[in-house]
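# Architecture and fold: a report
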Amino acid sequence: MKPNILLVGNLINEEGQLVKNGYLWIQKDKIHHVGPTNPFSPDAEVTRYDLPQDCIILPGMIDIHIHGAAGADFMDGTQEALEIVAKHLPAEGTTSFLATTMTEDTPVIHKALNAAANFIKQSQCSTAEMIGIHLEGPFISHKRAGAQPKSFILKPDVHHFKEFQKSASDLIKLVTLAPEMDGGLELTKYLSSQNVIASIGHSDSSFLEVKKGIESGVSHVTHLFNGMRGMHHRDPGVAGAALLQDELKVEMIVDGVHASPEMIRLAYQSTGSERTILITDSMRAKGLGEGTYTLGGQLVTVKADEARLIDGTLAGSILPMNVAVKNMMDYTHCSWSDIVKMTSENAAKELQIFEQKGSLSVGKDADITVFTEECDVLMTFCRGELMYHRKGERV
Ligand SMILES: [Zn+2]
């Protein structure tokens, strides 16, 4: 039986306002009360944590684009891989995530989807929660493949997608595709009819082609600036459309490597916290240090903050979510309220789970991240369970 927990400290409430010296009362796996401290005394036994003045309580972070961490990758297609990643993530403040696949041989993708579908059927106690799957490829452009192996790229095809969705027990919530390809608009229309987010990414679309994609249901952009036609003064391309079109939510990898701090600042002036979603796009080397690893069957060398294929192509990141938050605040001077939108609220709304997650509101899942001023994670609760505590060990 989970104890009642009382957190006392600064927090961002459901209206996005900073409440100084507030409280948050967790009962079992839900948020039971939240508000200003005085005069509050819970009428039940609680485990109380009085947080330091420089800390802030936020809704748990949702990473909608992550391939792996701690030596495991979702494309390994095993329960063990899913468990390793899900257990690793609370240490960086992530409480739920979309397991992200990549372009690979079709049977390998099916195996990974199957494994993820089986994993979600388990109770997932004591880990971050896998809330669905992000299918990145194989319906992408050869011209903008990045680190996705070109030999396994497929033409967008509704029938093919349906087979993937069957293997995934309908858990695919987001698809990265290139809508300009033959069959791309048809697949986009089908995805939006099924409430699956159609995201433009690894795409060579011109600005006009992006507009057509939006008319067919594209509503999201995968890792802005990477794997897309960039901005040109006679064709704003995918990057320009991402900045200009208010219909689009925009993923950013804010590690200072995938895009320069200045480009993030420039983009944020257009997208603001309403349209930005911070992601990690991390691969298996996250949390392990420098060395040689694999991604989609290719060798990847990790050095300093970068993971690259032998030819130098960036191959995902090793970025923890809390470092993405720190960088974003450094680059843009955004507020904690903005951070809540970019790490939790926007994703929850887009995935249509805002009734359960995405803000510190009564009745929602007790997914909580406690940050220090320096953007270290002090504590992480996953559905009411303390899963990470900086000073102590995992509990
Ligand atoms: Zn990715």
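Residues numbered from 1 in each chain as written. Predicted model: local features only at pLDDT ≥ 70, side-chain atom pairs only at ≥ 80, totals over all residues. Heavy atoms only, no water.

Distances from the zinc ion to its protein donors, His65 (NE2), His67 (NE2), Glu136 (OE) and Asp281 (OD), fall at 2.1 to 2.2 Å. Angles of 84 to 170° at the metal separate the four donor atoms of the zinc ion, which places the site in the irregular class. Spacing between the donor residues of the zinc ion along their common chain follows H-x1-H-x68-E-x144-D. With a gap of 71 residues between them, His65 in strand E6 (residues 61-66) and Glu136 in strand E10 (residues 129-136) connect regions that are remote in the sequence. Each of the two residues, His65 as well as Glu136, counts as buried. (Donors = N, O, S within 2.8 Å, 3.2 Å for Na, K, Ca; no water. Tetrahedral: all angles 85-135°; square planar, octahedral: opposite > 155°, others 65-115°. Helix = DSSP H or I, 4+ residues; strand = E, 2+ residues; numbered from the N terminus. Buried < 20%, exposed > 50% of the residue type's maximum accessible area, 1.4 Å probe, protein only.)

This next bit is on the domain arrangement of the protein. Here the protein is described as being made up of domain 1 (5-58 + 360-389) and domain 2 (61-350). Each of domain 1 and domain 2 was reduced to a C-alpha centroid, and the two centroids are 29 Å apart. Listed as interface residues are 21 residues of domain 1 and, on the opposing side, 22 residues of domain 2. Between domain 1 and domain 2 the total buried area reaches about 1,600 Å² when both faces are included, carbon and sulfur atoms providing 64% of it. Taken as a group, Cys375, Arg383 and Met387 account for 30% of the area that domain 1 buries against domain 2, more than any other trio of residues on that side. At the junction of domain 1 and domain 2, the tally comes to one salt bridge. Between Glu129 and Arg383 there is a salt bridge; the shortest N-O distance is 3.4 Å. (Domains from an automatic or database assignment. Contact = heavy atoms within 4.5 Å. Buried area = accessible area lost by both parts, 1.4 Å probe. Salt bridge = Lys/Arg side-chain N within 4 Å of Asp/Glu carboxyl O.)

Once that is clear, we can look at helix H5 (residues 207-216). All of the buried residues in H5 are Phe207, Val210, Gly213, Ile214 and Ser216. In this fold, the buried residues of H5 make contact with helix H4 (184-193), strand E12 (197-200), strand E13 (218-221) and helix H6 (237-244). Immediately downstream of H5, the backbone of Gly217 shows phi near 125°, a positive value.

Attention now moves to the nonpolar core. What tends to happen in soluble globular proteins is that the nonpolar side chains get buried as a cluster. By size, the foremost hydrophobic cluster in this structure holds 48 residues, and its most contacted members are Phe97, Leu135, Phe161, Ile172 and Met283. Counting residues per element, this core draws most heavily on helix H2 (residues 106-121), at seven residues. With near-sequence residues (within four places) excluded, Phe161 lies in contact with Leu135, Phe139, Ile172, Val175, Leu187, Tyr190, Leu191 and Val196. Counting residues in hydrophobic clusters, the runner-up holds 41 residues, among them Phe225, Ala239, Val250 and Tyr331. (Core = buried A, V, L, I, M, F, W, Y, C linked by side-chain atoms within 4.5 Å.)

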